[in-house]
Amino acid sequence: MEIRKTNADDIETLIAIRFEMLRVVNNLSGDVEFDKVLVDCSREYFLYGDQTTVIAIDGGKAIACASISYINIMPTYDHPTGKRAHLMNVYTNKDYRRQGIGKKMVELLIDEAKSKGCTEISLDATEQGRFLYTQLGFTANNSGMILKLK
């Protein structure tokens, strides 16, 4: 098995594993068709977004993925670089879970964020993912608020 950062040559593999993950986390059937806008925007994100994505490949097939997006905000006292990151889409195929693959992928992304000068990584955790993130030093934070824009 190989775990590595992706590049533009991996785009079709990334799209496939991303939509596998979306089907699983949203309890969708395997034959559901995704909206063209979602497909096109996902492709654009992987090709041109300010992000790093890692995949795990076993026998030529993607079996896991994880992404981190980089966010620049005005520097603050606690975050003097203004560089932050948001971890997302951490997914491992059910046949490969509990083998440390997700942990290795997230560790690679944490190191990548550090190398880019990020001072904080946020994420939205599922119940299944909380144990992994706690192991890696993430703590719960309830201080934020959000406004959903449509």
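Refer to the preceding data block for the structure.
We now turn to the structure provided with this report. Worth saying up front: this structure is predicted, and the values here are computed from it rather than measured.

Conventions adopted
Residues numbered from 1 in each chain as written. Predicted model: local features only at pLDDT ≥ 70, side-chain atom pairs only at ≥ 80, totals over all residues. Heavy atoms only, no water. Helix = DSSP H or I, 4+ residues; strand = E, 2+ residues; numbered from the N terminus. Rg over C-alpha atoms; globule rule 2.2 N^0.38 Å. Buried < 20%, exposed > 50% of the residue type's maximum accessible area, 1.4 Å probe, protein only. Contact = heavy atoms within 4.5 Å. Pairing = 2+ DSSP bridges. Axes fitted to C-alpha atoms, helices over the stretch in contact; angles between N-to-C directions.

It is worth spelling out the overall build of the chain at this point. Across its full length, the chain holds four helices and five strands. Taken from the N to the C terminus, the helices and strands of the chain come in the order β-α-α-β-β-β-α-β-α. For 150 residues, the compact-globule estimate of 2.2 N^0.38 gives 15 Å, and the C-alpha radius of gyration of the chain, at 16 Å, lies within 12% of that figure. With the C-alpha coordinates of the chain rotated into their principal frame, the extents come out at 50 × 35 × 30 Å. The buried share among the 150 residues of the chain stands at 35%. In the chain, of all internal contacts separated by at least 6 residues, the share reaching a separation of at least 24 is 62%.

The next thing to look at is the sheet that holds strand S3 (residues 61-72). Taken together, the five strands give an open sheet; going across it, the order is S1-S2-S3-S4-S5, and neighbouring strands pair in mixed fashion. Across the chains shown, the open sheet's two edge strands, defined by having one partner strand only, are strand S1 (2-5) and strand S5 (121-123). The mean angle between the axes of side-by-side strands here comes to 20°, regardless of whether they run parallel or antiparallel. One ladder, built from eight bridges, connects strand S2 (residues 51-58) with S3; its direction is antiparallel. Across the sheet, Val54 pairs through a bridge with Ala66, a residue of S3. In the packing of helix H2 (residues 36-48) onto the sheet, the strands contacted are S2, S3 and strand S4 (83-92), and the crossing angle to S3 comes to about 70°.

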